[in-house]
Structure formats: structure tokens, C-alpha cells
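Structural characterization, general
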Amino acid sequence: MIDVENQIYTPIAEALRVQFPGIKVSGEYVKAPSGFPFVSIVEQDNYPTVEHMTTSETEQFATLMYEVNVYSDKATGKKSQCRSIMKFVDDMMYQRNFRRISLSPVPNLENATIYRLVARYRAETDGTTLYRR
């Protein structure tokens, strides 16, 4: 398995903490964040890229899919705060050659006062370089 999660999560999480002081960031899905604003950056899928498979017994390329959840509980401006944070994450993902495949608001059924945006990104990697497809 090609594993590049730390090369993706760590620099984005660190940049978010600098850009948005007080933000909470996790590499795991969290059902009920303990503080806001909150971002989770989770590798949701990692599978061998069929088009690049060979008879070799080692994986040559992997297709990755990341899901980013952004939460805000501000009394006013929570949608704007989520979109601002998501724009920052989006720029960071594109710098790493990811392509966004979806972006949508999701009703937070646990607490309707919390606004939530979800984006998914895809890229391919050989373990060193990320490629946009």
C-alpha cells in the first residue's frame, strides 16, 4: 500500500492553525466536534490505480480520495466562515495536485445550529509525487 497521508494532512493542518488561530483540526472523522471552527481531513479511499497495474508484485500507483469537513457554530456568519476555511483548504489541495470532485453543505443532524461543508478530492500518487487526473 502506498501511504502518503502524513505528507498531505500535516502541512495542511499546520497551515490552517496559522491562518485561523484557535481552529481545531483532526485527521479523523468526529461526530461531535469539541470546539469550533473545526476541520477534519480524512483519507477515505486508497486503492491501486488499475490503469497503471503491472505484473510486478508491488503497487506502482494509488488513487486517493480525501474528505474534508468544515464546521462552524458562529451565531452569525457561520456559512461565510466555513466557506473561507474551505477555500483555504481547497487552495492547499490544488497545490498538491488534488482535484475537487464535490463540495456541498450537509445538514448537521446532531445539532442544527452548526453549519457544515463537505468536500471530496481525488489524486493519484506513486508514493512521491501526486498527479491530478
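Residues numbered from 1 in each chain as written. Predicted model: local features only at pLDDT ≥ 70, side-chain atom pairs only at ≥ 80, totals over all residues. Heavy atoms only, no water.

1. A short note on the overall build of the chain
Condition: Numbering of helices and strands runs from the N terminus, with a helix taken as a DSSP run of H or I at least four residues long and a strand as a DSSP run of E at least two residues long. A contact between two residues is defined here by any heavy atoms of the two lying within 4.5 Å. For every accessible area listed, the method is Shrake-Rupley and the probe measures 1.4 Å; residues are considered covered only by the protein chains on display.
When its secondary structure is counted, the chain shows two helices and six strands. Of the regular secondary structure in the chain, the N- to C-terminal order runs α-β-β-β-α-β-β-β. In the chain, 59% of the contacts between residues at least 6 apart in sequence involve partners at least 24 apart. Of the roughly 7500 Å² of accessible surface on the chain, 49% is carried by carbon and sulfur atoms.

2. Thoughts on the environment of D126
We apply this condition: Identification of polar contacts relies on pairs of N or O atoms within 3.5 Å, with a donor-acceptor requirement for protein atoms, meaning one able to donate a hydrogen and the other able to accept it, and with residues adjacent in sequence counted only if both atoms are side-chain atoms.
Among the structural elements, D126 can be located in the loop between β5 (115-125) and β6 (130-131). The sequence separation of D126 and Q60 amounts to 66 residues, and the corresponding C-alpha distance is 5.9 Å. In this structure, D126 is in contact with I2, Q60, F61 and Y131, ignoring residues within four places of it in sequence. A polar contact of 2.8 Å, which involves the side chain of D126, links it to the backbone nitrogen of T128. Side-chain polar atoms of D126 contact the backbone nitrogen of T129, separated by 2.8 Å.

3. Examining helix α2 (residues 78-95)
Definition in use: What a helix is expected to span follows from its residue count: subtract one and scale by 1.5 Å. We call a residue buried when its accessible area falls under 20% of the maximum for its residue type, exposed when it is over 50%, and partly exposed in between, using a 1.4 Å probe and counting protein chains only.
Given a rise of 1.5 Å per residue, 18 residues ought to cover 26 Å, and the 26 Å separating the end C-alpha atoms of α2 matches this to within 8%. Within α2 the residues assigned to the buried category are C82, I85, M86, F88, V89, D90, M92 and M93. Buried residues along α2 sit in contact with α1 (5-19), β2 (38-48), β3 (62-72), β4 (99-105) and β5.

4. Some thoughts on the nonpolar core
What counts here: Among buried residues, the Ala, Val, Leu, Ile, Met, Phe, Trp, Tyr and Cys ones that are joined through side-chain atoms within 4.5 Å form a nonpolar core.
Counting residues in hydrophobic clusters, the biggest one holds 32 residues, and the most contacted among them are I8, L16, I41 and F98. Of all the elements in the fold, those that place two or more residues in this core are α1, β2, β3, α2 and β5. The dominant element in this core, judged by the number of residues it contributes, is α2, at seven residues. Apart from the residues lying within four places of it in its own chain, the contact partners of I8 are L64, Y66, M93, R96, F98 and L130.

5. What about the side chain of D90?
Note that D90 resides in helix α2. Contacts of D90, omitting those with residues within four sequence positions, involve R100 and Y121.

Such coordinate-based values are descriptive only and should not be taken to indicate function.
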